Amino acid sequence: MCGMGDEVRDDVTLTNLDQPLFDGAGATKRDLVDYLDAVRDRIIPALHDRPLSVVRVRVGQEPFMQKNVPKYTPSWVNTVTLWAESSRRDVSYALCNDRRTLLWLANQRAVEYHTTLVRADRWDRVTHLVLDLDPPGADAFAQTVRAAHLVREALAGAGLVGAVKTSGAKGLHIFVPVDAAAPINDVAAATRAIAARAERIDPVLATTAFIREDREGKVFLDSTRAGGATVVSAYSPRVRPGVPVSFPVAWDDLDSVAPADFTVRTAVGLLGAGDLWVERMPAPQPLPADLIAEGHEIPIARVQAMHEGKRRARARRQ
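Conventions we followed
Residues numbered from 1 in each chain as written. Predicted model: local features only at pLDDT ≥ 70, side-chain atom pairs only at ≥ 80, totals over all residues. Heavy atoms only, no water. 1 Å grid on protein atoms, 1.4 Å probe; cavity = no way out; pocket = protein on both sides within 12 Å on 5 of 7 lines; lining within 4 Å. Points joined across faces, edges and corners; volume = space filled by probe spheres on them. Helix = DSSP H or I, 4+ residues; strand = E, 2+ residues; numbered from the N terminus. Nonpolar A, V, L, I, M, F, W, Y, C, P; charged D, E, K, R; others polar. Domains from an automatic or database assignment. Contact = heavy atoms within 4.5 Å. Buried area = accessible area lost by both parts, 1.4 Å probe. Salt bridge = Lys/Arg side-chain N within 4 Å of Asp/Glu carboxyl O. Polar contact = N/O pair within 3.5 Å; in protein donor to acceptor, adjacent residues only side chain to side chain.

Under an unreviewed UniProt entry, the name given to the chain is ATP-dependent DNA ligase, and the organism recorded is Phytohabitans rumicis.

Caption draft 1: Inspection of empty space enclosed by the protein at higher detail. Tallied over the full model, the rule gives one cavity of 30 Å³ or more. Counted as a void, the largest cavity has a volume near 50 Å³. In terms of lining, the largest cavity is formed by L52, S53, V54, Q66, K67, V69, P70, A94, W104 and L105. The set of elements that each furnish at least two residues to the lining of the largest cavity consists of β3 (52–56) and α3 (99–107). No other element matches the three residues that β3 contributes to the lining of the largest cavity. Each residue belonging to the lining of the largest cavity can be placed in one class, and the counts come to seven nonpolar, two polar and one charged.

Caption draft 2: Representation of the domain arrangement of the chain. Domain annotation of the chain identifies domain 1 (7–122 + 230–280) and domain 2 (126–228 + 283–309). Here the C-alpha centroids of domain 1 and domain 2 sit 24 Å apart. Contacts between the two partners involve 29 residues from domain 1 and, on the opposite side, 27 residues from domain 2. Taken over both partners, the interface formed by domain 1 and domain 2 buries close to 2400 Å², and the fraction arising from carbon and sulfur atoms is 64%. When the buried area of domain 1 at its contact with domain 2 is split by residue, L117, W251 and W277 rank highest and sum to 35% of it. Joining domain 1 to domain 2, the criterion identifies zero salt bridges. Counting the contacts that link domain 1 with domain 2 gives 11 residue pairs in polar contact (both at pLDDT 80 or more). Counting only elements with at least two residues in the side of domain 1 that touches domain 2, the list comes to β8 (118–119), β15 (230–232), β16 (248–249) and α7 (276–280). The biggest single contributor to the side of domain 1 that touches domain 2 is β15, with three residues. Residues of the side of domain 1 that touches domain 2, tallied by class, amount to 17 nonpolar, four polar and eight charged.

Next up, the structure:
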């Protein structure tokens, strides 16, 4: 039995489709379902075989990130169990490998889709080096675009090329596909080195300072999306006003776009026939030894920030 605003697709019963998606969304649950279904041939390859965390928004509740699949998850949803260092337990992650799973997740009001940089069958190797460019304020996207060109220049200097997408929030993500030769720690080191090299090109524009108060209005080049970290998938919607989506952009078009151009209502019409993310993604590349070596000399930002935070707290107490 389907109620008002309900329908069935691919044997998945979709409910309450005419409800607002969340406060300020300017979109309904149907808009979310229709968008994800329309981009399924593009978003599923980006999600395929990658342990998935989703951000869900239940009516009248704050958004929450869900890693462990709920007990009522259908048996046909593929899952993989991984040890989560942060929560010190096994977590059973969904793998969104087909339309049916995507529709089921959409019906669960899963708005955001965050994947690991590892695949479920090869968790000791990341597939991409990722830099997350975080603007200093809501109106600083042009500054972030300039910082992205710095990263591109630093990559080119190391003989590497990447693809860029809006984060769907305020910033940009640069993905560099890497071959399976380098272990996770080496890719993490190379990520730190690229961020440091980009910062050196223009230290007035960009910073690698992990502690927010040290950034002085600069674009933060976040090199911590490494190892077990997750990053929002290409084509994923975001829990923000207007429901923007993370959207692939050609390097030459970066200066003429804004994050709000791409939403669950507009993105499908901008996609054309192909998969922009796949088409713009270079082939996997080997990481230069000197880049890895340089990165291993750079302290890991989170660890450094933790020690520095403790040092400052001590200083304040004294």
